[in-house]
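Architecture at a glance
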Amino acid sequence: SRQTPAINRFRQGDPMDEREANRTWESLRGAIRKIHSNQASSLSFEELYRNAYNLVLHKKGELLYTGVQQVVSDHLKTVAVACTDCVDDRLLEVLKQQWDEHKTTMVMIRDILMYMDRNFVHQYRKVPVYEMGLVVFRDQVSGHPKVRGRLLQLMLEAVAAERAGQKVDRILLKHIVSMLVDLGVQNRNVYKEDFEIHYLESTSQFYAAESSEYISKNTCPDFLRKAESRIEEEKSRVDAFLHESTLEPLCRIMEEEWIIAHFQTLIQMENSGCKAMFAADKVDDLGRMYNLFQRAHMAIKEVQEVMKECVRTAGQEIMQDPEKMKDPVSYITALIALKHKYDHFVKFSFKDCQNFQQALKSAFEGFLNQDTRAAQYLTLFVDELFRKGIKGMREQEVDTNLEYTVTIFRFLQDKDVFENFYKLHLARRLLTNRSLSDDSEKLMISKLKGECGHLYTSKLEGMFQDIKLSEDLVKAYRAHPADAGSPIVLSVNVLTSGFWPNSTTIACNLPQELQECCNRFQSFYLQKHTGRRLSWQFQHGTADLKAVLGRSRHELNVTTLQMVILLLFNQQQQLTYNEIAAKTGIPPDELKRHLMSLYVTPKVKILVKEPAEHDRSKDPWSDDVFVVNQAFESKLHRLKVPLVALRGAAAEIPMPASSSGAADVPPTVEEDRKHLVEAVIVRIMKSRKTLEHNQLVIEVTRHLTGRFHPTPVLIKQRIEKLIEREYLERSATDRRVYNYLA
């Protein structure tokens, strides 16, 4: 039956004497002991709360507080004995059980003494009842000299066993850790003092030994996988049973022992380090290295430097490969493949990290700008692409190829050299109608405009505009009476001199019927456009001739100058070299080139050179006689006569100069650079009025970097020229300061 200690009721406000207070306390002490002995079901908690309330109300709070503290302490002394007598294998389990029971009993005691907590404890700044129970448990049980050390040792052994691959009771360990955390009251961090410090120290020692041993016996990728695995294990251990505050210092230790201590060895490891992984396309392993090394800034910088070195080495191999130097398409294709390879690393291994993107850009710029070969070869690559390469490609494939081209273009510092050669090749494609797609040509120009602005591509766009206007002009001319009844079909491209590459006009005496045809077109054009002047560029023209050679008829596609030579044979069966030179008026070098093309090419040997004694030399002599080859045979009806390249003569579109890499900037580009530098200097000085020399050099360099990198020497030379022409003057007080002269 339910028993309640008998205590006489008294009215509110009646004084409580010492005897009554002691009797009330004894009743409460008995109740607490029953709670400790798991007999709480026989108690009336309402009655107990009232008794505690009365003691506090009648100023007996000190009696109640010290009494409760003593009862709890006495009980925990017996608990401590049970723990100290317990064998090691059972200690954690017993401690967990006693801790759970202690928390349960302290909750009950706290509920009984709730009024004391709110008033007496608060007023006299005592430790609240529940916390007081934790402090006593900490001092007498978990902190007992025969428990504390064993507890730490057992926990560290459990962690060591789990690291060795054994199964441990994680739930039990989690409860013990939770106990240590809960005991951290009253400015004490029991978890840290009694466990975490020792745990971190043992972890550091364990992984210092393991990582050193592992790196001596394994490859870099294997070590990285092991490091990643161990770091994840330790993180999962924190999630499973350690306190979250351990994660940060634990990660620092793992980074120190697995990464910072070994990153240089890993990066430089022979046959499996960073260079070997780049060479073998180990995207995943490099990604793992990046993820691990992110924790160490210096390690990431080292990887970036190795990547730059690998790119530079591969780039130099391409630039010095004799086979690739002979083949611009192969050369640029190799560069694109190299860029694509390392783009893949940057994207998938290094997560598009901006620092790696910058390192890749720096590496390419370093080896590509040693000379102007890359700029020239890139234009040849594009030329080949538009003349042959894009045939059969889908629109997306064309765009991808052009994007690769622009990617290499971005690395070039001499963008004006690229522009110069691009104009030459584009002019040839447009004038010979050799481009496979105008849309692709315009797409390329739009990409260049996106990179360098509209001024960079204005001349290129003007060239296209000229071709379009010329088509409309020729249509109008053919519909005009001036062209009516003419047996010659004339097509003319009227080119704006400022847009197209500069070229020397080659003199030529046209046959009368052709000259008349040209005169009619010129009159027609000048009637429509007064004030303009036409200059005929015969060296860029082509002609289709109908020819009877022996017993066969053919249609010959020749240059305008070749046509002029061949038409002479309509009047005479044979002509000497001197006669051809006199009648055509073509300069000697050009005549030699165009004439030789008609008799040295085996498949289109239109003319025959006599006498035979000069055959040892293919070059024409002054007394050589030329006749039409009546024995000519070909299965083809339409024949193109190619131009031969003369030894020692400058090519129409020059190739990069030397195999050693010292390709010079073309003279036309050098001249343009002088004008550009002067224009920028004047523009800056007009705005600033007065400027010191070094500041002016910096400003000019900044303005021109998008086209080329001017040298300080070039800038100084142009400043001197502007001073001579009185655009600038030196300051009277400081010769390094310039003033603008309006």
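As a starting point, this report considers the structure included with it. Only a predicted model underlies this, so the values are computations on that prediction, with no experimental measurement involved.

Scanning the chain from terminus to terminus reveals 30 helices and 9 strands. Dimensions of the chain along its principal axes, counting C-alpha atoms only, are 155 × 65 × 55 Å. By residue count, 46% of the 742 residues in the chain fall in the buried class. As displayed, the chain has an accessible area near 39,300 Å², and 49% of this comes from carbon and sulfur atoms. Charge separation in the chain, taken as the distance between the mean sites of 102 positive and 100 negative side-chain charges, equals 3 Å.

Bringing the nonpolar core into the picture now. Within soluble globular proteins, side chains that are nonpolar tend to cluster in buried spots. Counting 157 residues, the largest nonpolar core has Leu64, Phe278, Phe293, Met307, Phe350 and Phe418 as the members making the most contacts within it. Looking at this core, the element that brings in the most residues is helix H15 (residues 297-320), giving 10 residues. Filtering out sequence-adjacent residues up to four positions away, Phe278 remains in contact with Leu286, Val306, Met307, Cys310, Lys341, Tyr342, Phe345 and Phe350. Within the second largest apolar cluster, 38 residues are counted, among which are Leu561, Ile580, Val600 and Ile606.

With that settled, consider the packing of aromatic side chains. Inspection of every chain in the model, using the stated rule, returns 31 aromatic pairs. Between Phe350 and Phe356, the aromatic rings sit 3.9 Å apart at their centres with planes inclined by 10 degrees, giving stacked as the arrangement. The same class applies to Phe350 and to Phe356, which are both buried. What links up through ring pairs into an aromatic cluster is the set Phe278, Tyr290, Tyr342, Phe345, Phe350 and Phe356.

Across the sheet, which stays open at both edges, the 3 strands sit in the order E3-E5-E4 with antiparallel pairing between neighbours. The open sheet has two free edges, formed respectively by strand E3 (574-576) and strand E4 (607-610), since each of these has just one partner strand. Taking the axes of each pair of neighbouring strands and ignoring which way they run, one obtains an average angle of 25 degrees across the sheet. Relative to strand E5 (residues 625-628), E3 runs antiparallel, the two sharing 3 bridges. Across the sheet, Gln574 pairs through a bridge with Val627, a residue of E5. Set on the sheet, helix H26 (residues 577-584) makes contact with E3 and E5; between it and E3 the angle comes to about 90 degrees.

Right, let's talk about the pairing of E5 for a bit. When E4 meets E5, the two strands line up antiparallel, connected through 4 bridges. Looking at E5, one finds that Glu610 is bridged to Val625.

So, about the side chain of Lys447. Mapped onto the fold, Lys447 is located in helix H22 (residues 438-452). Look at Lys447 and you get buried, because its relative accessible area is 15%. In this view, Lys447 contacts Asp399, Leu402, Glu403 and Val406; residues no more than four positions away in its chain are not counted.

Paired through backbone hydrogen bonds, the strands of a sheet run either parallel or antiparallel to each other. The mixed open sheet is built from 3 strands, whose spatial order is E1-E2-E6. Edge positions in the sheet fall to strand E1 (542-549) and strand E6 (638-640), since each has one partner strand and no second. Direction aside, neighbouring strands of the sheet carry axes that sit 30 degrees apart on average. The sheet strands contacting helix H25 (residues 560-567) are E1 and strand E2 (552-559), and the helix crosses E2 at an angle near 135 degrees.

The next subject is the pairing of E2. Where E1 meets E2, 8 bridges bridge the pair, whose relative direction is antiparallel. Note on E2: the bridge partner recorded for Asp544 is Asn557. As consecutive antiparallel partners, E1 and E2 are separated by 2 residues, and within that stretch Gly550 has a phi angle of approximately 65 degrees, a positive value. With 3 bridges joining them, E2 and E6 adopt parallel strand pairing.

Right, let's get into the packing of helix H8 (residues 170-182) against helix H9 (residues 190-217). Between H8 and H9, whose axes approach to 7 Å, the crossing angle comes to 140 degrees. Here H8 lies oblique to H9, going by the angle between them. Across from Val177, Leu180 and Val181 in H8, the residues of H9 making contact are Val190, Tyr191 and Phe195. Grouping the amino acids of the contact of H8 with H9 by side-chain chemistry returns 6 nonpolar, no polar and no charged.

This part is about the environment of Ala279. By secondary structure assignment, the location of Ala279 is in helix H13 (residues 274-279). The exposure class of Ala279 is exposed, given its relative accessible area of 57%. Along the chain, Ala279 and Ala314 lie 35 residues apart, while their C-alpha atoms are 9.8 Å from each other.

Here we take up the pattern of salt bridges. Two side chains that carry opposite charge are able to pair once their charged atoms sit near each other. With the rule as written, the count across this model stands at 58 salt bridges. The residue Asp414 makes a salt bridge to Arg673 at a minimum N-O spacing of 2.8 Å. You can see Asp414 sitting in the loop between helix H20 (395-411) and helix H21 (415-432) and its partner Arg673 sitting in helix H28 (residues 667-688), a full 259 residues away along the chain. Asp414 sits in the buried class, given a relative accessible area of 15%. Arg673 sits in the buried class, given a relative accessible area of 8%.

Given a rise of 1.5 Å per residue, 15 residues ought to cover 21 Å, and the 21 Å separating the end C-alpha atoms of helix H18 (residues 354-368) matches this to within 8%. Turning to H18, its buried residues number three or more, namely Phe356, Ala359, Leu360, Ala363, Phe364, Phe367 and Leu368. The arc that holds the buried residues of H18, viewed along the axis, is 150 degrees, so those residues lie on one side. In this fold, the buried residues of H18 make contact with helix H14 (283-293), H15, helix H17 (328-349), helix H19 (373-389) and H20.

Conventions used here
By convention here, each chain's residues receive numbers from 1 onward along its written sequence. Given that this is a predicted model, residues contribute local features only at a pLDDT of at least 70 and side-chain atom pairs are listed and counted only at 80 or more, while totals for whole chains, interfaces and linings are drawn from all residues. Only heavy atoms go into the side-chain values, all of them from the structure, while hydrogens and water stay out. Runs of H or I in DSSP of at least four residues are treated as helices and runs of E of at least two as strands, each being numbered from the N terminus. Residue exposure (1.4 Å probe, protein chains only): buried if accessible area is under 20% of the type maximum, exposed if over 50%, otherwise partly exposed. Note on areas: these come from Shrake-Rupley sampling with a 1.4 Å probe, and a residue is covered only by the protein chains present in the view. We count Lys and Arg on the positive side and Asp and Glu on the negative side, and we leave His and both chain ends out. Here the site of a charge means NZ on Lys, CZ on Arg, CG on Asp, or CD on Glu. To define a nonpolar core, start from buried Ala, Val, Leu, Ile, Met, Phe, Trp, Tyr and Cys residues and group those joined through side-chain atoms within 4.5 Å. In what follows, a contact means two residues having at least one pair of non-hydrogen atoms within 4.5 Å. Between 30 and 60 degrees the pair is tilted, below 30 it is stacked and above 60 it is edge-to-face, where a pair is any two Phe, Tyr or Trp rings, Trp via its six-membered ring, whose centres lie within 6.5 Å. At least two bridges found by DSSP between two strands is the condition for calling them paired. Each axis is a line fitted through C-alpha atoms, taken for helices only over the stretch in contact, and angles between the N-to-C directions span 0 to 180 degrees. Convention used here: angles under 35 degrees read as roughly parallel, angles over 145 as roughly antiparallel, angles from 65 to 115 as roughly perpendicular, and any remaining angle as oblique. Residue classes follow a fixed rule: Ala, Val, Leu, Ile, Met, Phe, Trp, Tyr, Cys and Pro count as nonpolar, while Asp, Glu, Lys and Arg count as charged, and any other residue, Gly among them, counts as polar. Just to be clear on terms, a salt bridge is a Lys or Arg side-chain nitrogen sitting within 4 Å of an Asp or Glu carboxyl oxygen. Here the expected length of a helix is defined as 1.5 Å per residue gap, with one fewer gap than residues. What the arc covers is the set of directions going from the helix axis to the C-beta atoms.

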